[in-house]
Amino acid sequence: MEIPIKPIDQLLERVLCMNILSSDYFKELYRFKTYHEVIDEIYNQVDHVEPWMTGNCRGPSTAFCLLYKFFTMKLTVKQMHGLLKHPDSPYIRAVGFLYLRYAADPKTLWGWFEPYIKDDEEFSPGSNGRTTTMGVYVRDLLLGQYYFDTLFPRIPVPVMRAITANLEKLKLPTKHCGVTGESTRGSDDMARRPPSVKAALSVSFGQRAPHRASTRDSSPVRRTLPPLPSYDDSSSRRSPARNRSQSRDLPDRDRDYRDRDIDRDRERNRDRDRERDRYRRNEYDRRSRESSRREYHRESSSRRSRSRSRERSESSNQVRRGAGSPEVREKDRKSVSSNLAKLKDMYGDLSSDKGGEVGSGRVAGRDSGAEEVIRLGGSSWR
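Quick caveat, the model's predicted, so the values are computed rather than measured.

**As for the packing of helix 4 (residues 62–73) against helix 6 (residues 90–103)**
A pair of packed helices is characterised by two quantities: the angle between their axes and the separation of those axes. One way to put it is that helix 4 packs onto helix 6 with a least axis distance of 10 Å and a crossing angle of 60°. The orientation of helix 4 with respect to helix 6, classified from their angle, is oblique. When the axes of helix 4 and helix 6 are compared, the crossing they make is right-handed. Contacts from F64, L67, F70 and F71 in helix 4 reach V95, L98, Y99, Y102 and A103 in helix 6. When its residues are assigned to classes, the contact of helix 4 with helix 6 shows 9 nonpolar, no polar and no charged.

This is the structure we're talking about:
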């Protein structure tokens, strides 16, 4: 019978999960096909059960890569009991307890952990060499929300109350002992850890990094962020280094206020970007409408000009076609003959011989008329 677990990507924090999947060591674990091969690898390679490696190489630890390998294998109840009772190495047992803390139903955790609450086997869960017993380690897994530099799935409040009541019945401590790291992030003893690549990875994945305040301040990614707003006028006159050193000592309430102001500034910047994008879209739509309107007017004017030129050409063609028709020539001939007849009535026919006298008389009369005109004009016209 398999232990029912949630989807694997919902068990671990996203930064840690992505680092495990991209590590070369985890890719080498593909060759392990059986449960016993993974146990042998834990026995040979694991010397602490922190989630991250120590030193300058800040990748996922060997223990958590093998834990993720167990997640993919989906252990059965029998295999889980074999892990928790394994006599060869305490780290095999510790990986088994981590598997239950991450994957098992919170309501079943006490039933799994109760037989080992007072286990006195000693080992060092962290890389600092600090030893503790398996019973204290198991109690810290139940009572703590944070595990070194990562975050456990949350246990519901009624279940946590039942676990605390059971510990009180056994007369055991109900407070976190600190063998699995501090119960809250940002503690002073862990703040001196060297900067790691987790800051850049967490920013790229869109998640807050599970490291300390000094890492946030010294990280090249965090260094580009704007300065945090101050709540005291006297603190604004202090040096930036003084402010960074005192940011670690802020209580949880002030830290919440600071995070809330940062979220408000980010929301304001997002609103400003949305307004700018909306203005640009409106401006683009307006310009596109104006250009389409100008194009429409240009096309309509060109169509009207083409229609007028077509009409002129048709009318000129009609005129040219009608000029050569017999009806038009006959009409022109009649108009010319009528005009000649009118001229003959007014001035006479000068070309005929019989009308010479009349023509001479008219000429004389025209001369006399000219004489009269000159006479009327005065003596200066002579």
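**Brief notes about empty space enclosed by the protein**
With the rule as written, the count across this model stands at 2 cavities of 30 Å³ or more. What lines the largest cavity is simply K6, R101, Y102, A103, A104, P106, L109, P153, R154 and I155. Among the elements that take part in the lining of the largest cavity, helix 6 stands out by supplying 3 residues, more than any other. Per-class residue counts for the lining of the largest cavity are 7 nonpolar, no polar and 3 charged.

**Points about the packing of helix 3 (residues 35–45) against helix 4**
Two numbers describe how helix 3 lies on helix 4: the axes approach to 10 Å, and their chain directions differ by 170°. One finds that helix 3 runs roughly antiparallel with respect to helix 4. Contact residues: Y35, V38, I39, E41, I42 and Q45 in helix 3; T62, L66, K69, F70 and M73 in helix 4. For the contact of helix 3 with helix 4, the residue count by class is 7 nonpolar, 2 polar and 2 charged.

**Description of a positive patch on the surface**
A contiguous patch of positive charge, built from R303, R304, R306, R308, R310 and R312, is present on the exposed surface. On the accessibility criterion, R310 (46% relative accessible area) is partly exposed.

What counts, and at which threshold
- Residues numbered from 1 in each chain as written.
- Predicted model: local features only at pLDDT ≥ 70, side-chain atom pairs only at ≥ 80, totals over all residues.
- Heavy atoms only, no water.
- Axes fitted to C-alpha atoms, helices over the stretch in contact; angles between N-to-C directions.
- Helix = DSSP H or I, 4+ residues; strand = E, 2+ residues; numbered from the N terminus.
- Parallel < 35°, antiparallel > 145°, perpendicular 65-115°, else oblique.
- Left-handed = near helix turned anticlockwise from the far one by under 90°.
- Contact = heavy atoms within 4.5 Å.
- Nonpolar A, V, L, I, M, F, W, Y, C, P; charged D, E, K, R; others polar.
- 1 Å grid on protein atoms, 1.4 Å probe; cavity = no way out; pocket = protein on both sides within 12 Å on 5 of 7 lines; lining within 4 Å.
- Points joined across faces, edges and corners; volume = space filled by probe spheres on them.
- Patch = residues over 30% accessible without salt bridge, like charges linked within 9 Å, V, L, I, M, F, W, Y side chains within 5 Å.
- Areas by Shrake-Rupley, 256 points an atom, 1.4 Å probe, with all protein chains shown as cover.
- Salt bridge = Lys/Arg side-chain N within 4 Å of Asp/Glu carboxyl O.
- Lys, Arg positive; Asp, Glu negative; His and termini not counted.
- Charge placed at Lys NZ, Arg CZ, Asp CG, Glu CD.
- Buried < 20%, exposed > 50% of the residue type's maximum accessible area, 1.4 Å probe, protein only.

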